[in-house]
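Tertiary structure, described
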There are 2 protein chains.
Amino acid sequence: MQTKSYQFSSASVNYYFDADFSRLEKMIGKEHAVLITDEHIFQAHKKKLKGWNCICLKPGEEYKVQATVDSIIEQLIEFKADRSTWLVGIGGGVVTDITGYVAAVYMRGIKCGFVPTTILAMVDASIGGKNGIDVGIYKNLVGTIRQPQFLLYDYSFLKSLPKQEWVNGFAEIIKHSCIKDLKLFKELEQNKLTHYQKNKPALAKLIRRNSEIKSTVVQADEFEKGERRLLNFGHTLGHAIENMYELSHGQAISIGMTAACQISQKLVGFKDSERVISVLDQYGLPTLANFDKPKAFEVLKMDKKREQKDMNYVLLEKLGKGIVKPIPMTQLEKIVNEL
Amino acid sequence: MQTKSYQFSSASVNYYFDADFSRLEKMIGKEHAVLITDEHIFQAHKKKLKGWNCICLKPGEEYKVQATVDSIIEQLIEFKADRSTWLVGIGGGVVTDITGYVAAVYMRGIKCGFVPTTILAMVDASIGGKNGIDVGIYKNLVGTIRQPQFLLYDYSFLKSLPKQEWVNGFAEIIKHSCIKDLKLFKELEQNKLTHYQKNKPALAKLIRRNSEIKSTVVQADEFEKGERRLLNFGHTLGHAIENMYELSHGQAISIGMTAACQISQKLVGFKDSERVISVLDQYGLPTLANFDKPKAFEVLKMDKKREQKDMNYVLLEKLGKGIVKPIPMTQLEKIVNEL
């Protein structure tokens, strides 16, 4: 096990890499903890979760809504959860987002930690304190920014991860390389998904590097005034079409990254769109797609990155260097329609 | 107009005392603001609110629930509210609690301010950043602690305040005097409600002094690890019976303060219960009441101030000096049953 601690504005977060889930009991004790997970994880890892107070959610993004939050709160009342209770989210981004949100508002905030069980949650969703739920077609419209106390990485959870979820996670890994790390991008170009699936040390190193990239960006700008916006590369259009077409998050942002590359080409002279598209393709991600452009633009108008008449769009200046550029909404509408 | 600024952990809050509501337009502009108020205020102050984007709630504590939050969020989406939008709560504690909560979670936090229109909101509810909603019989079970950007005090709103609401506010004023300010307690002993209703300078001074007491206590302990707990004097039992019997908040905590005085007498030798009871009575507040003690104790178990087997109870050592004492739940159950 390797440990690392990151200091954020109002909290310090402990990361336990290559750890064993059984460590959790030593850390927080079973008596004052409630675990939140989903039915898939619960079925696949029953043995690990035995003896813990558990709230079990229906799996899937469609349950990342207020009704699920209401139900969790009712169950916490039944467990007589109080301010000394730990809430631990064990799962992918949906589980960690909801758990973090409930922990932020139950009794005005109780302690929480995450055990990410998907590649996407390990390298992205569980890191940085953003939590929340969707409202209708608007993703993460409601939530807070609040750091968990710890992240525990137990790679044995990946054994039950479906192929599509591996692909999903690699969309965020490719994103990190595009905006911040040319060396990582080149490594990804030289390999395939199976390389990381079969080679545990390579996977552990990759996850740790990506966790580092995300944590460092968040540390520099926890409340998203500047640098943190880079992490939205591919996410503006991606979020707009994700719920419209029930795409997976990885598929949606892969299409979003492709579009952002094309916009980068047009607006800031980015030259390597083909290389990005080729890597996305190599890891099983879609790049081109037909979608209802006027409708997508309608949804995009409600994006949290919009400020009045401008959208803060993330573009690539070159591989490994993302930038944020405010684009007037009128111009953006034209660009989206021409994609 | 008098202004004062208090610095809290992550925000500075500007207080505008004796201000005119029309100032609001200069402060934030009408275009990027959404006001939240209730039907009573809206009807009584139509002229003031003309031309503002308004969300109008049904009045009353029974609407301080998630369904109201859901409806506000839907309306914010219709207003195309984004991160540059100001949310301003104009009303009593229910309105400012809900407004603060929605502002804390909509798009992971947008700017907000309050225009308290009741005595209770002016001296207590709108100050200190606690926001939230009730869940079933549990008051404020869900919420956050997050400071508003400003508080604007326009005493002309008090013209439409019903007598019972004046009485409600004085319950918190008496509370402040009991835990922190013997001089204020003596002033209250020498006067009656009508004195403050008829004498604007005396009222303005009283409101400002109480706003100061609360703000200073919160500043010393924003996240309620110690000092801030004093503000819960009368509130532990008070909250438990408030929703059980549909008492007003003032009535409930008045009964709670009476009980807390009796417990103080028993556990820490407090000698002035009679004086407290007499002042509560003088301002039209109930002191003794029959209530279902076992049921009240059941509700009380879920109080946020409970930590495992102890309740952090606020007692009076002497007039003007509150203290926090952890009381084992088993002992507390006995005490409550003997009240």
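Cut-offs and rules
- Residues numbered from 1 in each chain as written.
- Chains lettered and ligands numbered in written order.
- Predicted model: local features only at pLDDT ≥ 70, side-chain atom pairs only at ≥ 80, totals over all residues.
- Heavy atoms only, no water.
- Domains from an automatic or database assignment.
- Buried area = accessible area lost by both parts, 1.4 Å probe.
- Salt bridge = Lys/Arg side-chain N within 4 Å of Asp/Glu carboxyl O.
- Contact = heavy atoms within 4.5 Å.
- Helix = DSSP H or I, 4+ residues; strand = E, 2+ residues; numbered from the N terminus.
- Nonpolar A, V, L, I, M, F, W, Y, C, P; charged D, E, K, R; others polar.
- 1 Å grid on protein atoms, 1.4 Å probe; cavity = no way out; pocket = protein on both sides within 12 Å on 5 of 7 lines; lining within 4 Å.
- Points joined across faces, edges and corners; volume = space filled by probe spheres on them.
- UniProt positions renumbered as here; feature names shortened; annotations may be inferred.
- Least-squares fit on C-alpha atoms with pLDDT ≥ 70 in both.
- Pairing = 2+ DSSP bridges.
- Axes fitted to C-alpha atoms, helices over the stretch in contact; angles between N-to-C directions.
- Expected span 1.5 Å × (residues − 1).
- Buried < 20%, exposed > 50% of the residue type's maximum accessible area, 1.4 Å probe, protein only.
- Parallel < 35°, antiparallel > 145°, perpendicular 65-115°, else oblique.
- Left-handed = near helix turned anticlockwise from the far one by under 90°.

Residue and element names in this part refer to chain A. Looking at the assigned domains, one finds that chain A contains domain 1 (2-160) and domain 2 (167-338). One C-alpha centre belongs to domain 1, the other to domain 2; they are set 25 Å apart. Regarding the contact of domain 1 and domain 2, the summed buried area is about 2900 Å², with carbon and sulfur atoms giving 61% of it. Interface area lost by domain 1 to domain 2 is led by Y6, V123 and K139, which between them contribute 21%. Counting every contact that joins domain 1 to domain 2 gives four salt bridges.

On to the interface of chain A and chain B. Reports of interface size often rely on the accessible area that becomes lost once the parts have come together. Facing 32 residues of chain A, the contacting portion of chain B comprises 32 residues. Each partner contributes to the roughly 3100 Å² buried at the junction of chain A and chain B, and carbon and sulfur atoms together form 56% of this total. Those elements giving two or more residues to the side of chain A that touches chain B turn out to be α4 (66-78), α5 (93-105), β8 (138-142) and β10 (306-307) of chain A. Grouping the constituent residues of the side of chain A that touches chain B by class yields 14 nonpolar, eight polar and 10 charged.

What follows concerns the side chain of N210 of chain B. Of note, N210 of chain B is situated in helix α10 (residues 200-220). Aside from chain neighbours lying at most four places away, what touches N210 of chain B is V123, I173, H176 and L184 of chain B.

Residue and element names in this part refer to chain B. Following the criterion strictly, the structure yields one cavity of 30 Å³ or more and no others. In this model, the largest cavity occupies a volume close to 40 Å³. Lining the largest cavity are T96, D97, G100, F114, A125, S126, G129, K130, N131 and R146. With three residues, helix α5 (residues 93-105) is the largest single contributor of residues to the lining of the largest cavity. Here the residues of the lining of the largest cavity are counted per class, giving two nonpolar, five polar and three charged.

Turning our eyes to something else, we now look at the UniProt feature "domain: 3-dehydroquinate synthase N-terminal" (unreviewed entry) in chain A. Following the UniProt record, the feature "domain: 3-dehydroquinate synthase N-terminal" (unreviewed entry) maps to residues 56-167 of chain A here. For residues 56-167 of chain A, the helix share is 34%, the strand share is 22%, and the end-to-end C-alpha distance is 25 Å.

Under the fitted operation, chain A is carried onto chain B by 0.0 Å of movement along the axis and a turn of 180°, and the coordinates agree to an RMSD of 0.0 Å. Here the two chains are linked by the operation of a two-fold rotation axis. Mapped onto chain B, 100% of the interface residues of chain A again fall at the interface, so both copies present the same surface.

Residue and element names in this part refer to chain B. The strand order across the open sheet built from seven strands is β1-β2-β9-β6-β5-β3-β4, with neighbouring strands paired in mixed fashion. Only two strands of the sheet have a single neighbouring strand rather than two, namely β1 (2-7) and β4 (54-57). Looking at each pair of strands side by side, their axes are set apart by 20° on average, direction ignored. The sheet contacts of helix α4 (residues 66-78) involve β3 (33-38), β4 and β5 (86-91), and relative to β4 the element is tilted by about 160°.

The subject of this paragraph is helix α12 (residues 249-268) of chain A. Residues and elements named next belong to chain A. Here α12 contains 20 residues, and its C-alpha end-to-end distance of 26 Å stays within 8% of the 28 Å for a straight helix at 1.5 Å per residue. A large share of α12 lies buried, amounting to 14 of its 20 residues. Of the residues trailing α12, G269 is marked for its positive phi of about 70°.

Here the focus is the packing of α4 of chain A against α5 of chain A. Residues and elements named next belong to chain A. Interhelical geometry of α4 versus α5 gives an angle of 55° and a closest axis separation of 10 Å. When the axis of α4 is compared with that of α5, the two are oblique. Here α4 runs over α5; the crossing is right-handed. Listed contacts from α5 to Q66, T68, V69, I72, I73 and L76 of α4 are I98, Y101 and V102. Classifying every residue of the contact of α4 with α5 by side-chain character gives seven nonpolar, two polar and no charged.

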